[in-house]
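# Structural characterization, general
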Amino acid sequence: MILETAGTTALLLVWGTVVGIDLVSFPQGLLSRPLIAGAGAGLMLGEPVVGLRVGLMLELFALDVMPVGAARYPDYGPGVVGAVVLAASGPWQETLGLATLYALGFAVLGGWSLLLLRRSNGRAIGRHSAGLAAGDAATIAELQYRGLAGDVFRSAVLSGAAVIGAMLLRPSLPGGDRYAIVTEVAIGSGLAAALAGALRSAGRGARLRWLAAGVVLGVLLAVRP
Amino acid sequence: MIAGFLQALRRLFLVQGAWSYERMTGVGIGYASEPLLEDLRLADPTRHAEAAVRSAEYFNSHPYLAGLAVGALVRAEYDQVPGAQVSRLRSALTSPLGALGDQLFWAGLVPALMGLGILGVVAGLGPWILVAVVVVYNAVRVATTWWALSTGLASGVHVGSAIARSWLPRAAPLVGLVAGGSVGIALPLAARWLLPPRPHAMTIALGTLAVALLAVWPLGPRVNPVRFGVGAIGLAALLAWGLP
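Here the structure is a predicted model, which means the values were calculated and not measured.

Rules and cut-offs
- Residues numbered from 1 in each chain as written.
- Chains lettered and ligands numbered in written order.
- Predicted model: local features only at pLDDT ≥ 70, side-chain atom pairs only at ≥ 80, totals over all residues.
- Helix = DSSP H or I, 4+ residues; strand = E, 2+ residues; numbered from the N terminus.
- Buried ≥ 20, exposed ≤ 12 C-beta atoms within 10 Å, placed from the backbone.
- Contact = placed C-beta atoms within 7 Å.
- Nonpolar A, V, L, I, M, F, W, Y, C, P; charged D, E, K, R; others polar.
- Arc of directions from axis to C-beta.
- Axes fitted to C-alpha atoms, helices over the stretch in contact; angles between N-to-C directions.
- Parallel < 35°, antiparallel > 145°, perpendicular 65-115°, else oblique.
- Left-handed = near helix turned anticlockwise from the far one by under 90°.
- Expected span 1.5 Å × (residues − 1).
- pLDDT = per-residue confidence, 0-100.

### Concerning the overall build of chain A
- Per the secondary structure count, chain A includes nine helices and zero strands.
- Put simply, chain A runs from its N terminus to its C terminus through helices and strands in the order α-α-α-α-α-α-α-α-α.
- Seen through its principal axes, chain A has C-alpha atoms that stretch 70 × 50 × 25 Å.
- Evaluated residue by residue, chain A yields a buried proportion of 56% over its 225 residues.

### Some details on the interface of chain A and chain B
- With 90 residues of chain A at the contact, the number on the chain B side is 82 residues.
- Counting residues per element, the side of chain A that touches chain B draws most heavily on helix H8 (residues 180–202) of chain A, which supplies 20 residues.
- Among the residues forming the side of chain A that touches chain B, the class breakdown is 60 nonpolar, 21 polar and nine charged.

### What to know about helix H1 (residues 2–12) of chain B
All names here are of chain B.
- Within H1, the full set of buried residues consists of Ala8, Leu9, Arg11 and Leu12. The buried residues of H1 occupy an angular sector of 165 degrees when projected down its axis, which confines them to one face. Turned more than 90 degrees from where H1 packs its buried face, Ile2, Ala3 and Arg10 sit exposed.
- If you follow the buried residues of H1, they end up packed against helix H2 (26–33), helix H5 (66–78) and helix H7 (128–155).

### Remarks on the packing of H5(B) against helix H6 (residues 83–122) of chain B
Residue and element names in this part refer to chain B.
- With their axes 10 Å apart at the nearest point, H5 and H6 run at an angle of 165 degrees to one another. Taken together, H5 and H6 sit at an angle that is classed as roughly antiparallel. Our pair here, H5 against H6, has a crossing hand that is right-handed. Only Val86, Leu89, Arg90, Leu93 and Leu97 of H6 make contact with H5, whose side of the interface consists of Leu68, Ala69, Ala72, Leu73, Ala76 and Glu77.

### Overview of the environment of B:Arg75
All names here are of chain B.
- Position of arginine 75 relative to the elements: it lies in helix H5.
- Residue arginine 75 is classed as partly exposed on the basis of its 19 C-beta neighbours within 10 Å.
- For arginine 75 and glycine 156, which are 81 residues apart along the polypeptide, the C-alpha to C-alpha distance reads 4.9 Å.
- Beyond its immediate stretch of four places on either side in the chain, arginine 75 contacts Gly152, Leu153 and Gly156.

### Brief notes about the packing of helix H3 (residues 48–62) of chain A against helix H5 (residues 92–127) of chain A
Residues and elements named next belong to chain A.
- Their axes nearest at 10 Å, the elements H3 and H5 cross at an angle of 45 degrees. Put simply, H3 runs oblique to H5. Crossing angle aside, the handedness with which H3 passes H5 is right-handed. Contact residues: H3 offers Val50, Arg53, Val54, Met57, Leu58 and Phe61, while H5 offers Trp92, Leu96, Ala99, Thr100, Ala103 and Leu104.
- For the contact of H3 with H5, the per-class residue count stands at 10 nonpolar, one polar and one charged.

### Looking at helix H11 (residues 225–242) of chain B
All names here are of chain B.
- Between its first and last C-alpha, H11 extends 25 Å over 18 residues, near the 26 Å set by a 1.5 Å rise per residue.
- Taken as a whole, H11 has its buried residues at Pro225, Val226, Phe228, Gly229, Ala232, Ile233, Ala236 and Ala240. Along the axis of H11, the buried residues cluster in a sector spanning 155 degrees; they form a single face. Across H11 from its buried face, at more than 90 degrees, point the exposed residues Leu235, Leu238, Trp241 and Gly242.

### Digging into unusual backbone geometry
- Note the cis peptide between A:Phe26 and A:Pro27, where omega equals -5 degrees.
- Within the secondary structure layout, A:Pro27 lies in the loop between helix H1 (6–22) and helix H2 (34–45).
- Not every positive phi belongs to a glycine, and A:Gln28 is a case in point at roughly 50 degrees.
- Summarising the element assignment, A:Gln28 is placed in the loop between H1 and H2.
- Take A:Gln28: there are 22 C-beta atoms within 10 Å of it, and that puts it in the buried class.
- The phi torsion at B:Gln80 lies on the positive side, around 60 degrees, for a residue other than glycine.
- Looking at the secondary structure, you find B:Gln80 in the loop between H5 and H6.
- Of the residues examined, B:Gln80 has 9 C-beta atoms within 10 Å and is grouped as exposed.

### Things to note about the confidence of the model for chain B
- Residues of chain B with pLDDT of at least 70 account for 97%, and the chain-wide mean is 93.
- Reported for the predicted complex are a pTM of 0.94 and an ipTM of 0.94.

Okay, here's the thing in structure tokens:
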């Protein structure tokens, strides 16, 4: 079992916050993708393979999601960072499924927190309607910085809850070979999510044929000895 | 103007910072437009005040293509286009910039690169392949934002035809094909890499996949992948906990 130093814990909290902000506010540069968030957390913990496994598992779920404007979508990043901490506590075959469940819970919580932030931004706009109606640049900038600060706060709280929660939960995490079933069910669920997303994006045209050809090639590569 | 351009470019990376259901990215567009409108303040303060009000009104588009709108709308203000026409241009840009950007980035480049990243990880290239993925993606993102703002500023009210003539409508379907192929190859290899080395691991994973696709997805959007995942994994955890 890994015992994090205060420095590593701080790094994880900062990383969780960064990937949370990246989803919508800044810079939207792919850092919030579970595979990237998980890899980063794994490197910080000195467990790069665990980070990649957790990240890849959650990436399957995230491939279903299009973070389009007003739609409500999960925020995977901070939960994935916490899930890597959780998964690093034992053999990955046993912990990966439970860590996935943990990250999915935080993803839902993250989506809900975005909703609250957007409503809060709307209320602030209402309060500053006079400044906006006058075209006051200072009001526009103030609203912008307030929104950004709100997202930093949202991501930091989510990241703190995910990372500290995982550290507290780790000693009581159940173990044993039978928990590999949870991992296997999680893989099936993730594959279904990714495939459903890919099929939806593909439509009925050439992209569907490319997807089908890719799956056939992937299966051939996967089953080779 | 160059200083204003660079400042606006920097601010475009924060364009969704004050996203709200009332104005969506409107405040962010106003924030990004402000440095470019600075010269108008000196030349025509009345027009500047009107332009500043319009700049922060309701708007929504893909964030990476918001520069097209910012540039075009600012140029229209300098060209003394009537305010009502500027507002109509703003409304007209919302849907195409959203649809094109979503198709090119969210449904195209992101899954294409994540598929390639997954292939790199299962091929044993480690986390560093993901650094390359992030660098490539952000290079495209920065270049697109720069191009969008420049094209918008150069085109003004003719931005629609500038977009139609550009690489944008042609690139989106091509990137979509790459995305389909790379995700398709990645999924079976990801499953193989993730599966624990146990006798019935493949059967359980494929069984879950079949249940999800055949029985649950037809129930509609209320049963989304996250909800199914939480339910199925939670049930499996309870069963594992109850096993002797």
